[in-house]
Amino acid sequence: MKKLLMAMAILVVGATAFGANKTATTDVRVRAELVNEGLVISDIDGRPILLDFKKINVLRTSDAAATVEFKVESTGEIQKGNLTLALGGKNGVAEGELTKVTLTSLKDLKTTMDSKIGLDTKQAAIEANTEAGVIHTGRINGTLTNDQWKGKEAAVYEGFTQLTVTLDGQN
């Protein structure tokens, strides 16, 4: 009888501990990029640049901030010179020192929010001739004010702008 009771107790504990299954699903983006350029811009880890405000609760009352580090790599030898960096284009519009990027809901394609993003620096110097490799690192900072999501439906919002890097003094 003790063995029967013990076996039933083990079954009950086992069923309780492992009774509920939880499952989650997410999209996986797969991509490859071939370049035919002298300068390549990517995030600090070599991936496409994504300024991500992450998940924002619609009840949040404070502004949201995001930052992403990027690098500029030369694919060949470069001479010393100056880098000029600028944000804008696509759905990014320059507003003084910052760029306004309109984020559109991927759920209904009508609802929008406006973010403000900017560069940590817009000029950099390449002090000496160099071989291929990283020639500059920088940061893009962004702010999304809380009035932008008040009364809006929960959804993923996405927008695009461009980071342009110009290296002068090259042959």
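Structure: see above.
Conventions used here
Residues numbered from 1 in each chain as written. Predicted model: local features only at pLDDT ≥ 70, side-chain atom pairs only at ≥ 80, totals over all residues. Heavy atoms only, no water. Helix = DSSP H or I, 4+ residues; strand = E, 2+ residues; numbered from the N terminus. Buried < 20%, exposed > 50% of the residue type's maximum accessible area, 1.4 Å probe, protein only. Contact = heavy atoms within 4.5 Å. Areas by Shrake-Rupley, 256 points an atom, 1.4 Å probe, with all protein chains shown as cover. Pairing = 2+ DSSP bridges. Salt bridge = Lys/Arg side-chain N within 4 Å of Asp/Glu carboxyl O. Polar contact = N/O pair within 3.5 Å; in protein donor to acceptor, adjacent residues only side chain to side chain.

Peer 1: Quick question: what am I supposed to make of the overall build of the chain here?
Peer 2: Secondary structure assignment for the chain yields 1 helix and 10 strands. Overall, the chain shows an N-to-C arrangement of helices and strands of α-β-β-β-β-β-β-β-β-β-β. In the chain, which comprises 171 residues, the share counted as buried stands at 25%. Contacts in the chain between residues at least 24 apart in sequence constitute 78% of all its contacts with a sequence separation of at least 6. Working note: accessible area of the chain is about 12,300 Å², and carbon and sulfur atoms make up 54% of it.

Peer 1: Looking at this structure, I do not really get the pairing of strand E2 (residues 64-74). What am I missing?
Peer 2: Along any regular strand, the residues point their side chains to alternate faces of the sheet. Here 5 bridges tie strand E1 (residues 39-43) to E2, and the two strands are oriented antiparallel to one another. Each residue of the ladder has a partner; that of valine 40, found in E2, is glutamate 73. Pairing analysis gives 11 bridges linking E2 to strand E8 (residues 133-144), with the strands arranged antiparallel. Counted as the bridge partner of threonine 67 is asparagine 141 from E8.

Peer 1: Looking at this structure, I do not really get the environment of valine 165. What am I missing?
Peer 2: Within the fold, valine 165 resides in strand E10 (residues 162-167). As a C-alpha pair, valine 165 and valine 72 span 93 residues in sequence and 8.1 Å in three-dimensional space. Residue contacts for valine 165: discarding those within four places in its chain leaves Leu39, Ile41, Val72, Leu83, Thr84 and Leu85.

Peer 1: Where do I start with the pattern of salt bridges in this structure?
Peer 2: Side-chain pairs of opposite charge can arise where the charged atoms are in close proximity. For the coordinates displayed, the defined rule picks out 5 salt bridges. Close ionic contact of aspartate 43 with arginine 47 constitutes a salt bridge, the shortest N to O distance being 3.5 Å. Of the residues examined, aspartate 43 reaches a relative accessible area of 8% and is grouped as buried. For lysine 122, the salt bridge identified is with glutamate 97, shortest N-O distance 3.7 Å. Placement of lysine 122 in the loop between strand E6 (112-119) and strand E7 (123-126) and of glutamate 97 in the loop between strand E4 (92-95) and strand E5 (98-105) is noted, with a sequence separation of 25 residues between them. Looking at lysine 122, the relative accessible area reads 33%, which means it is partly exposed. Shared partners join several salt bridges into a network, and the residues in it are Asp43, Asp45 and Arg47.

Peer 1: What am I meant to see in the pairing of E6 here?
Peer 2: Bridge analysis of E5 against E6 gives 6 bridges, and the strand direction is antiparallel. By the bridge assignment, threonine 102 is partnered in E6 with aspartate 114. Between E5 and E6, which pair antiparallel and follow one another directly, the connecting turn spans 6 residues, one of which, leucine 109, has a positive phi of 60°. Of the strand pairs in this sheet, E6 and E8 are connected by 4 bridges, and their pairing is antiparallel. The partner of isoleucine 117 across the bridge, within E8, is glycine 142.

Peer 1: Is there a simple way to explain the side chain of serine 74 in this structure?
Peer 2: Structurally, the position occupied by serine 74 is in strand E2. One polar contact links the side chain of serine 74 to the main-chain carbonyl oxygen of glycine 76, over a distance of 2.4 Å.

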